[in-house]
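Overview (structure and organization)
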Amino acid sequence: MLLLDAVKILVVAAAAVKATKRQPSSTVCTSDLCQLIAREIVSSMDETIDPCVDFFAYSCNRWNSTHGLVHNVLIPKISKQIQEMLASGNYTNPTEKKATGIYNQCINQTNERPFDDGNLLRTIEDLLGGWSLLKDPRNVSAFHLEEALVRLHQNGISTFSGLSVQTNEFSIEENILHFMMPGRLFKRWELDTLVNPNNKRLAPFAFAELLYKWAPVVQRLLKAANASFLWSTVKNRFEQALLLDFMLAKGPTGPVYYRERLTFGDLSRPPFRSQFLSSFLHLFNAMLKASSINYQATTATQLAVPDQFEYLLNLDQTMAQLEGDGDAGLTTLADWLWWTAVNHYHLIYRVTDICVGLVKAAMPLTVSGMFFKTYIPKKAVQKAKVLASEIANAVRDAVLLKTPWMDQTTKEAAMDRLNDTLLNVGFPEELVENWTLLDNYYTRIQVEMSFFDTLRTIGQSNSWINLQRLSRTNARNDPFFPADRTLVTLETYTQNRYIVIPAAVVQTPMFYASDMDILDYARMGFLIGHEFTHIIDIEVKELGNDGKPLKWWTDTTQNNYNARNYTLVDFYNSISTKNVSVDGRQTLIENTADNGGFQAAFLAFRNFMRRTGYRITLPGLETMDEKQLFWLTGAQAWCIRPPGLVDETHSPFRFRVMGPYINSPDFGASYNCPLGSPMSPGIKAC
């Protein structure tokens, strides 16, 4: 047994030595950039680890951050770039000047001035007719709920529902209104721990804590209003508003019947019984009119309630109860809306960091366009487009040559989908060439003398941008969607077959657009290949006009795929370690895309080498050839300490490397890993 173990060690060691022999024709790149990249690569490597035993440890053991390359390097870089860009006064067209104006006004407001209590009271006077606490409760019937809700929505303040207009999955050329649960005054888990379930009252210690948090705000606003009030009355009214917030956050009583689509007419029929939902159509049309939207909803207009039907039932029950309480219920509603408005505006003043987020939320396309023009060279965009085209060709080759479980009919359908896929790199050309489109799009936003007045124009703009989509016909590559191109994730819209490579990732350390093509293929190439794999992945549901999943795979391919799935799920479950585990079933869709992504990226890189004669290596890494550097730099994009779970649908970073690499014969061949070694077990899961 000992002799056998010794032989195994010698075999693996010999393979490791063999793996370090590079092709003699490779040129050592000695530019400043290459030397910097080489130092970064070497600083994370642990050469005491055999690459054929644990390639993630070999690549990443000396990585010293709890965040990966994207979160440790790219996101802070983007944040700094945007801050410097918005603080600059070097922009001249109207929409850019608005963005920089809002940012600088926000910075000045949060850094130099106290919370603007007077303007807040004036704003709420306009929206709600004043502070409900200061009004005679005997005149509460003068409070008009629908008018208040219309004005709040027109100014971008969500109340009982987050009304978001989104693409209709059943017909992607159209849009549909989504009824969504909005944010609450306090988080649901927070309120669940604060309310006594027996008497539905806030626990004394919990209420005291919340009151302590908000008391200074109330006292300042009372002073600004030149008013005084019995503190016991303030406490009681505040508690009633918080309890309403809790009631809206909890689930309904009685059975729940899940439905994804309703009509406005359905809201006036059982199981709904509140006057509020019965008249919701009238309320919504009033909101449309207030925002100058040329659209009229009818009783037949559809309303999407995905995963929100439970909230809709709960809202109906709560409103029916308040309606039954008469003036007392109306008083509680008025108080709750007042707190909702105060909370909305108060959030803006909490931290200076929110200023970048405020501008991005208000004018995402403008910020993205400014970022694109300022930081992303045309050369990088053109090179990224070429890379994307090569990756797409590699995915097509993989479909034809490396998917024996697909029959010919399904392969032809997959090729049609790939050929029909649209791609946008960086930022829409239509908007780059015509900034007047953005000037008109954000024409409702104005930088006013008062920051509060500026915020109101932003809210009005957001409301209009959302609702105007109801009357629009969607283009597959709509230049106004998605709006934010400063994100670090590529987006695939399988229903539209549309892939977006945002401007923010078309820069180092994910994309170099220099002679270091190895990194571009290994990092950006993988991400693009990952997204193209989603286009042909049957697990990513695409719906037909009847709302049912499209069936473009044959039964034979589906059966073969199901059998392969079991293997892939078991494989990922089997490579879990003592400290880091992976759920192969839960991460199946993304694991499939990871395997396809690295496979496509390597095929494209190998084709590039054959076509161009590309031969290059790095100082200090002269013993490695180009293929070995490809796998190494690709792995190091996912280094993280500890290599734990990031989200529920993607594998931990360790397995986003180990899974595809173990499954790749090309990886084993590049490092000459002996058959049967941990990184080349000889049994491929896909």
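Described below are features of the structure shown in this document.

**Overview of helix α25 (residues 626-636)**
Most of α25 sits out of view: 10 of its 11 residues are buried. Regarding α25, its N-cap is D625, as a side-chain oxygen of that residue lies 3.1 Å from the backbone nitrogen of K627 further along.

**Overview of the side chain of T318**
Following the sequence through the fold, T318 ends up in helix α13 (residues 309-324). Among all residues touching T318, those that are not within four sequence positions of it are L244, M247 and L248.

**Digging into the state of the cysteines**
Summed over all chains, the structure comprises 4 disulfides. There is a disulfide in this structure between C29 and C34, and the S-S distance comes to 2.0 Å. Its S-S torsion of approximately 80° makes the covalent link between C29 and C34 right-handed. Residue class for C29 comes out buried when judged on its relative accessible area of 11%. Bridging C60 to C639, the disulfide has an S-S length of 2.0 Å. Of note, the bridge from C60 to C639 carries an S-S torsion of about -75° and is left-handed in sense.

**A few points about the nonpolar core**
If you look at the biggest cluster of nonpolar residues, it comprises 205 residues, and the most contacted ones within it are F55, F160, F276, F284, V506 and Y671. Here this core takes 11 residues from helix α17 (residues 378-401), the largest share from any one element. The contacts of F276, once residues within four sequence positions are left out, are L145, L149, F160, L283, L315, M319 and E323.

**Some remarks on the packing of α17 against helix α22 (residues 517-535)**
Two packed helices can be described by the angle between their axes and the distance between those axes. Look at α17 against α22: their axes get within 9 Å of each other, and the N-to-C directions meet at 60°. When the interaxial angle is binned, α17 and α22 end up oblique. Here the hand of the crossing between α17 and α22 comes out right-handed. Contacts between α17 and α22 pair K383, L387, A388, E390, I391, A392 and V395 from the former with D517, D520, Y521, M524, G525, I528, G529 and F532 from the latter. Classifying every residue of the contact of α17 with α22 gives 9 nonpolar, 2 polar and 4 charged.

**Observations regarding the pairing of strand β3 (residues 175-180)**
Summarising burial for β3: 5 of the 6 residues are buried, a large majority. Examined bridge by bridge, strand β2 (residues 162-167) and β3 share 6 bridges and lie antiparallel to one another. By the bridge assignment for β3, Q166 is matched with I176. Relative to strand β5 (residues 302-304), β3 runs parallel, the two sharing 2 bridges. Within the sheet, the bridge partner assigned to L177 lies in β5 and is L303.

**Section: the sheet that holds β2**
Sheet architecture is open: 4 strands sit in the order β2-β3-β5-β4, paired in mixed fashion. Lying at the two open borders of the sheet, with one neighbouring strand each, are β2 and β4 (261-263). On average, adjacent strands in this sheet sit at an angle of 40° to one another, irrespective of strand direction.

**Some details on the sheet that holds strand β6 (residues 422-426)**
Across the sheet, which stays open at both edges, the 3 strands sit in the order β6-β8-β7 with mixed pairing between neighbours. Strand pairing shows two members of the sheet lacking a second neighbour, β6 and β7 (491-493), which therefore form its edges. Averaged over all pairs of adjacent strands, the angle between their axes in this sheet comes to 10°, without regard to strand direction. Of the pairings in the sheet, the one linking β6 to strand β8 (residues 498-502) comprises 5 bridges and is parallel in character. Across the sheet, residue L422 finds its bridge partner in β8, namely Y498.

**Observations concerning the environment of D46**
Within the secondary structure layout, D46 lies in the loop between α2 (32-44) and α3 (55-60). Look at D46 and you get buried, because its relative accessible area is 14%. Distance in space between the C-alpha atoms of D46 and F56 is 9.6 Å, their sequence separation being 10 residues. Among all residues touching D46, those that are not within four sequence positions of it are A57, Y58, N61 and R62.

**Concerning the pattern of salt bridges**
Applying the stated criterion across every chain yields a total of 17 salt bridges. For the salt bridge of R220 with D117, the shortest nitrogen-to-oxygen distance reads 3.1 Å. Of this pair, R220 sits in helix α9 (residues 204-224) while D117 sits in helix α6 (residues 117-128), and the two are 103 residues apart along the sequence. R220 sits in the partly exposed class, given a relative accessible area of 32%. With a closest N to O distance of 3.0 Å, D478 and R472 form a salt bridge. On the basis of relative accessible area, D478 is assigned to the buried category, the value being 7%. When its relative accessible area of 24% is taken as the criterion, R472 is described as partly exposed.

Basis of the calculations
Here the residue numbering is sequential within each chain, running from 1 through the sequence in written order. Two thresholds apply to this predicted model, a pLDDT of at least 70 for residue-level local features and 80 or more for giving and counting side-chain atom pairs, whereas whole-chain, interface and lining totals are computed over all residues. In computing side-chain properties, one takes all heavy atoms of the structure into account and sets aside hydrogens as well as water. We call a residue buried when its accessible area falls under 20% of the maximum for its residue type, exposed when it is over 50%, and partly exposed in between, using a 1.4 Å probe and counting protein chains only. Strands are runs of DSSP state E lasting at least 2 residues, helices are runs of H or I lasting at least 4, and numbering of each runs from the N terminus. Polar contacts, as used here, are pairs of N or O atoms within 3.5 Å; protein pairs need one atom able to donate a hydrogen and one able to accept it. Residues neighboring in sequence count only if both atoms are side-chain atoms. When checking whether two residues touch, look at their non-hydrogen atoms; a contact exists if any pair is within 4.5 Å. Throughout, a disulfide means two cysteine sulfur atoms within 2.5 Å of one another. To define a nonpolar core, start from buried Ala, Val, Leu, Ile, Met, Phe, Trp, Tyr and Cys residues and group those joined through side-chain atoms within 4.5 Å. Every angle, taken between N-to-C directions, lies between 0 and 180 degrees, and every axis is a line fitted to C-alpha atoms, over only the stretch in contact when it is a helix. When an angle is under 35 degrees it counts as roughly parallel; over 145 it counts as roughly antiparallel; between 65 and 115 it counts as roughly perpendicular; any other value is oblique. Handedness of a helix crossing follows the sense of rotation of the near helix relative to the far helix, less than a right angle counterclockwise being left-handed and clockwise being right-handed. In this classification, Asp, Glu, Lys and Arg are treated as charged, Ala, Val, Leu, Ile, Met, Phe, Trp, Tyr, Cys and Pro as nonpolar, and every other residue, Gly included, as polar. Two strands pair under a simple rule: DSSP has to find at least two bridges between them. Salt bridges, as used here, are contacts in which a Lys or Arg side-chain nitrogen is within 4 Å of a carboxyl oxygen on Asp or Glu.

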